[in-house]
Amino acid sequence: MIILDIKNLTLEIESNGVLVKALDKVSLTIQENEIRALVGESGSGKSLIVRAISGALPPQWIVTADRLTWRGQNLLSMTRAQRQAIMRRDIAVIFQDPLASLDPSATLKDQLVESIPQEFIPKGWPWQRRKARLRIAQQIMRKVGIKDVHAAINKYPHELSLDICQKFMIAMALVSQPTLLIADDPTRGMETNTKQQILTLLAQLNKTRNLSILFVSHDLIAISAMAHSMTVLYCGQSVESGKMKAMRRRPLHPYTKALMDSAPSFSPDLIPKSPLVAMDGTIPTLQHLPIGCRLGPRCPRAAKECVQVPEERSINEHKYRCHYPMHVESV
Ligand SMILES: Nc1ncnc2c1ncn2[C@@H]1O[C@H](COP(=O)(O)OP(=O)(O)OP(=O)(O)O)[C@@H](O)[C@H]1O
Ligand code: SF4
Ligand SMILES: [Mg+2]
């Protein structure tokens, strides 16, 4: 069953007197128990999608969509309070910059204890309830791999390392036992062991608690092992989406292929941590988008027809936007 349904989400903002489209008709769904990876180069619009879902965009953005629903309820037409209730109870978000999302004037304990839903606290005297809250807070901090919980819990965010703050954000997101976790590059910059620990925890929660996850990451290797499906974003457009297995085996879009070729585990002959090899050039700015296919100037398969915008097509559940897709005959 689909829990989050996004159809043709478009985000526009005024830049030097002109409206630019930072997201252009992006569609994406999350099923119950699904882990979906959201990937794309820096500047492709991943964080904007996260902010649009969570209602955390500044008012200057114009948001339109044919559908933006949570369990069938329209997120765009509901009141602020209704939306906040869903964000508090059902959908948890880890934003990209963990320090900016934490309250600098409150200790970790105060912030985490605040986020524990009332119904998780057993009935009892106030002092018993306070104790129970503290116990739950400490448990979840341990679970996400914070080592010296007793020392860290009474500190303010600025007194702690970025690594601990990142883990703490994950604890804050998980403490309400959400149905959907949206994680915007939560393991960025973490050392390999810690990253693996977090990914294992999330994969475990997906299996044991049916946690659905929208996982934004630059680390294709890490997420490809745990995600069931993937959406590839380029320049504010979804260029390919489908089941992870199928996309790994037979990517249809040249951009997906380039992303995969840049990740060593997809090409065994590359030594680990090789630099990006797969595509020349860089992502264009929103003010200077090429006509037709946005990948055109960088695409090795570009041909005459590519000056026309490619419409989204699909083969079964596998969707793509390209005039000259690869592997089509074998899908
Ligand atoms: N407030 C803003 N005003 C104008 N353009 C913006 C604004 N915020 C983001 N953008 C543009 O929207 C595009 C998408 O940005 P976004 O932050 O979503 O990228 P991203 O895919 O999350 O990148 P990264 O991987 O670096 O986090 C970029 O071109 C960015 O410059
Ligand atoms: S439409 Fe053309 S330019 Fe765009 S990805 Fe496909 S082949 Fe490349
Ligand atoms: Mg981002």
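Residues numbered from 1 in each chain as written. Chains lettered and ligands numbered in written order. Predicted model: local features only at pLDDT ≥ 70, side-chain atom pairs only at ≥ 80, totals over all residues.

Participant: Can you lay out the overall build of the protein chain for me, pointing to particular residues and giving the numbers?
Facilitator: Of regular secondary structure, the protein chain possesses 11 helices and 13 strands. Against the 2.2 N^0.38 benchmark of 20 Å for 331 residues, the protein chain shows a C-alpha radius of gyration of 21 Å, consistent with a compact globule. Projected onto the principal axes, the alpha-carbon positions of the protein chain cover approximately 75 × 50 × 40 Å. The buried share of the protein chain, taken over its 331 residues, is 37%. (Helix = DSSP H or I, 4+ residues; strand = E, 2+ residues; numbered from the N terminus. Rg over C-alpha atoms; globule rule 2.2 N^0.38 Å. Buried ≥ 20, exposed ≤ 12 C-beta atoms within 10 Å, placed from the backbone.)

Participant: Could you give an account of helix α4 (residues 108–115), with specific residues and numbers?
Facilitator: For α4, the full list of buried residues reads Leu108, Gln111 and Leu112. What you see down the axis of α4 is that its buried residues fit within an arc of 90°, all on one side. Tucked into the core, α4 has its buried residues touching α5 (126–143), α6 (149–152) and α7 (162–174). (Arc of directions from axis to C-beta. Contact = placed C-beta atoms within 7 Å.)

Participant: How would you explain the site of ligand 2 if you had to name every residue and give the values?
Facilitator: Near ligand 2 the following residues occur: Pro254, Cys293, Leu295, Gly296, Cys299, Arg301, Ala302, Cys306, Pro310, Cys322, His323 and Tyr324. Partitioning the shell around ligand 2 into residue classes produces nine nonpolar, two polar and one charged. (Near = placed C-beta within 6 Å. Nonpolar A, V, L, I, M, F, W, Y, C, P; charged D, E, K, R; others polar.)

Participant: Which residues make up the packing of α4 against α5, and what values go with them?
Facilitator: α5 packs onto α4 with a crossing angle of 105° between their chain directions and a minimal axis gap of 9 Å. Overall, the two elements α4 and α5 adopt an arrangement that is roughly perpendicular. Here α4 contributes Lys109, Leu112 and Val113 to the contact with α5, which in turn contributes Arg133, Leu134 and Ala137. (Axes fitted to C-alpha atoms, helices over the stretch in contact; angles between N-to-C directions. Parallel < 35°, antiparallel > 145°, perpendicular 65-115°, else oblique.)

Participant: Go over helix α1 (residues 46–54) with me, naming the residues and quoting the values.
Facilitator: Every α-helical turn comprises 3.6 residues, leaving residues that sit three or four positions apart pointing alike. Of all nine residues in α1, seven are buried, a share of seventy percent or more. Those residues of α1 that sit buried are Lys46, Leu48, Ile49, Val50, Arg51, Ala52 and Ile53. Glycine 55 sits one or two residues past α1 and shows a positive phi near 70°.

Participant: Could you give an account of the site of ligand 1, naming the residues involved and the relevant values?
Facilitator: Neighbouring residues of ligand 1: 13 residues in total, closest Ala22, Ser42, Lys46, Ser47 and Leu48. Counting residues per element, the ones that place at least two in the shell around ligand 1 are β1 (2–15) and α1. At three residues, the largest contribution of residues to the shell around ligand 1 is made by α1. A breakdown of the residues in the shell around ligand 1 according to their chemical character gives four nonpolar, eight polar and one charged.

Participant: Now, about the environment of isoleucine 91: what can you tell me, with residues and values included?
Facilitator: Among the secondary structure elements, isoleucine 91 is positioned in strand β7 (residues 91–94). Classification of isoleucine 91 by C-beta neighbours within 10 Å gives buried; the count is 25. Ignoring anything within four residues of it in the chain, the contact list for isoleucine 91 reads Trp70, Ile86, Pro178, Leu180 and Ile182.

Participant: How would you sum up unusual backbone geometry? Please name residues and give values.
Facilitator: Phi angles above zero are rare outside glycine, and cysteine 235 is one such case at about 55°. Phi at asparagine 316 is positive, roughly 55°, even though this residue is not glycine. Looking at the secondary structure, you find asparagine 316 in the loop between β12 (313–315) and β13 (318–320).

Participant: Describe the nonpolar core, and please don't skip the residues or the numbers.
Facilitator: Counting residues in each nonpolar core, the largest one holds 79 residues, and the members touching the most others are Ala171, Ala173, Ile182 and Phe215. Broken down by element, this core gets its largest block of residues, eight residues, from α7. Two domains each provide a minimum of three residues to this core, namely domain 1 (2–90 + 178–279) and domain 2 (101–177). Contact partners of phenylalanine 215, with chain neighbours within four places excluded, come to Ile35, Arg36, Ala37, Leu38, Ala183, Ile223 and Ala227. (Core = buried A, V, L, I, M, F, W, Y, C linked by C-beta atoms within 7 Å. Domains from an automatic or database assignment.)

Participant: Please give an account of the domain arrangement of the protein chain that cites residues and values.
Facilitator: According to the domain assignment, the protein chain contains domain 1 (2–90 + 178–279) and domain 2 (101–177). Only α2 (80–89) and α8 (192–208) provide two or more residues apiece to the side of domain 1 that touches domain 2. Ranked by the residues each element gives to the side of domain 1 that touches domain 2, the list is headed by α8, at four residues. Considering only residue class, the side of domain 1 that touches domain 2 consists of six nonpolar, two polar and three charged.

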